[in-house]
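# A structural walkthrough
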Amino acid sequence: GAGVSQSPSNKVTEKGKDVELRCDPISGHTALYWYRQSLGQGLEFLIYFQGNSAPDKSGLPSDRFSAERTGGSVSTLTIQRTQQEDSAVYLCASSLLPGTVDQPQHFGDGTRLSIL
Amino acid sequence: EDKVVQSPLSLVVHEGDTVTLNCSYEVTNFRSLLWYKQEKKAPTFLFMLTSSGIEKKSGRLSSILDKKELFSILNITATQTGDSAVYLCATLSPSGSARQLTFGSGTQLTVLP
């Protein structure tokens, strides 16, 4: 597609439920990133996928968070047993594969997650 | 811990004014600095700066990086109401295979007609 596509755009769920957020990167972009933007906070890195390499999960805040990327394209971020502090906008970005030259990351519109 | 600090936090100007947004950083293994514009939703990429002293320009926007003093500025000339947004600065300083961005808290720019 023309840009990074995320779904759903909004998600409201009850505390304790599991949620799945989806990201479809720009065609041809092999690097994919998840970030979280909480009210009054900057963007916080969560996880990074590069091609077929093992993902960098160093930003995931707890073991309730996981992500996968199937077929090197679409990614899903799963949050299990959601807590109120998980309420945030979850942003996905993609880029061409970084090498000796850095590549800018291009962001989707995000999923606004609200935990009641 | 990597740190990116933006100033001012917010700025209100009138159409036609020129503004300068600041970004200072303390990061290990610095590679690049990026500027984004965030209106309602997705941050939109503006510039990526890797070399010191080389100005990047796009229309009324320009940016420059000083790797000695560890800062960057984003200039917007002849501001328009459509420039109202949060401007985010981020550094790319990977460790290992990671390529994540470290973001500042942003500058909220409001341009009044």
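The structure this text deals with has already been given above.
This structure is a prediction, so every number in the text was calculated from the model and none was measured.

## Description of the side chain of T76(A)
Residue and element names in this part refer to chain A.
- Positionally, T76 belongs in strand β7 (residues 75–79).
- Classification of T76 as buried rests on a relative accessible area of 18%.
- What T76 contacts, discounting residues up to four positions off in sequence, is L21, R22, W34, S66, A67 and E68.

## Notes on the interface of chain A and chain B
- Facing the 22 residues of chain A at the interface are 19 residues of chain B.
- Buried surface at the junction of chain A and chain B, both sides included, amounts to about 1,700 Å², of which 56% is carbon and sulfur.
- When the area that chain A buries against chain B is broken down by residue, the three leading residues are L43(A), D102(A) and F107(A), summing to 31%.
- Across the contact surface, chain A and chain B share 0 salt bridges.

## Some words on the side chain of S94(A)
All names here are of chain A.
- Here S94 is to be found in strand β8 (residues 88–95).
- The exposure class of S94 is buried, given its relative accessible area of 0%.
- At a separation of 2.8 Å, a polar atom in the side chain of S94 contacts the side chain of H29.
- Those residues in contact with S94 that sit more than four places away from it in its chain are V4, P25, I26, H29, A31, L32, Y33, P104, Q105 and H106.

Analysis parameters
Residues numbered from 1 in each chain as written. Chains lettered and ligands numbered in written order. Predicted model: local features only at pLDDT ≥ 70, side-chain atom pairs only at ≥ 80, totals over all residues. Heavy atoms only, no water. Helix = DSSP H or I, 4+ residues; strand = E, 2+ residues; numbered from the N terminus. Buried < 20%, exposed > 50% of the residue type's maximum accessible area, 1.4 Å probe, protein only. Contact = heavy atoms within 4.5 Å. Buried area = accessible area lost by both parts, 1.4 Å probe. Salt bridge = Lys/Arg side-chain N within 4 Å of Asp/Glu carboxyl O. Polar contact = N/O pair within 3.5 Å; in protein donor to acceptor, adjacent residues only side chain to side chain.

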